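# Structural overview
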Amino acid sequence: MVKLENILFATDFSKSADNVLQYATSLAQLYNTKVYLLHVIRNPTDSIYGVLHGDYPVLIANAKKKVAELMKRYEPELEGINHEIVTKEGDPVYEILRTVEEKKIGTVVIGTHGEGPLEHLLIGGTADKVIRSVSCPVLVIRHPEDRAI
């Protein structure tokens, strides 16, 4: 029998990522394990973090505060599930891989944005890079409204 331990749910707060949480929580309930919710701040000036003001340390502090607020929307789905919120700064792929090692993750659950073939060819997607780099199983979920490539 396969035993899954320590599930990593990586989110960028997009509709695609929001759709993925139900898979991570279902696996956690099924295998009675912990879910780590990870958000990586790649650029603290991104519009998801709100109004910009101040120097870089202020922008990072603001982004972290906004991440905490955005994570609260996941609380209803996490009720009764052992979980931990992790916020990091930097390259999402690198930070996902680092978190896998640090938290001894057994499975990564991540969404894909359904990027077009040209964009995927030129820069590759985060999910694709994680699949090719991580040492544990990865469950990739496409949002039902994304078109197939």
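Residues numbered from 1 in each chain as written. Predicted model: local features only at pLDDT ≥ 70, side-chain atom pairs only at ≥ 80, totals over all residues. Heavy atoms only, no water.

### Some words on the packing of aromatic side chains
Across all of its chains, the model carries two aromatic pairs by this definition. Relative to tyrosine 74, the ring of phenylalanine 9 lies with its centre 5.6 Å away and its plane at 80 degrees, an arrangement referred to as edge-to-face. One end of the pair, phenylalanine 9, is in strand S1 (residues 7–10); the other, tyrosine 74, is in the loop between helix H2 (56–71) and helix H3 (75–78), with 65 residues separating them in the sequence. Overall, the relative accessible area of 0% leaves phenylalanine 9 in the buried class. Exposure remark for tyrosine 74: the relative accessible area of 4% places this residue in the buried category. Clustering of aromatic rings is evident, with ring pairs tying together Phe9, Phe13 and Tyr74. (Phe/Tyr/Trp six-rings, centres within 6.5 Å; stacked < 30°, edge-to-face > 60°. Helix = DSSP H or I, 4+ residues; strand = E, 2+ residues; numbered from the N terminus. Buried < 20%, exposed > 50% of the residue type's maximum accessible area, 1.4 Å probe, protein only.)

### Details of unusual backbone geometry
One non-glycine residue, asparagine 6, adopts positive backbone phi at about 50 degrees. With respect to the helices and strands, the residue asparagine 6 is situated in the segment before S1. Residue asparagine 6 is classed as buried on the basis of its relative accessible area of 18%. Look at lysine 104: it is not a glycine, yet its phi comes out positive at around 50 degrees. The class of lysine 104 is exposed, set by a relative accessible area of 64%.

### Details of H2
The end-to-end C-alpha separation of H2 is 22 Å, in line with the 22 Å expected for 16 residues at 1.5 Å each. For H2, the full list of buried residues reads Leu59, Ile60, Ala63, Val67, Leu70 and Met71. The arc enclosing the buried residues of H2, seen along the axis, measures out at 105 degrees, which places them on a common side. Exposed and facing more than 90 degrees away from the buried side of H2 are Pro57 and Lys65. Of the surrounding elements, those touching the buried residues of H2 are strand S2 (35–41), H3 and strand S3 (83–89). (Expected span 1.5 Å × (residues − 1). Arc of directions from axis to C-beta. Contact = heavy atoms within 4.5 Å.)

### A closer look at the environment of valine 134
Positionally, valine 134 belongs in the loop between helix H6 (126–133) and strand S5 (138–142). Using a relative accessible area of 13% as the deciding quantity, one classes valine 134 as buried. If we ignore the near neighbours within four places in the chain, the residues touching valine 134 are Leu97, Val100 and Val108.

### Description of the pairing of S1
Across the two faces of S1 the burial is the same, with Ile7 and Phe9 and Leu8 and Ala10 all buried. As defined by bridge partners, S1 adjoins S2 across four bridges and the pair is classed as parallel. Among the inter-strand pairings, leucine 8 is bridged to a residue of S2, identified as tyrosine 36. After leaving S1, the chain enters helix H1 (residues 15–31) and then returns to the sheet as S2, a path that is right-handed. Two strands pair when backbone bridges link them, and S1 and strand S4 (residues 107–112) are joined in this way by three bridges, in the parallel orientation. In the strand pairing of S4, phenylalanine 9 is matched with valine 109. (Pairing = 2+ DSSP bridges. Right-handed = clockwise from strand over helix to strand, strands pointing away.)

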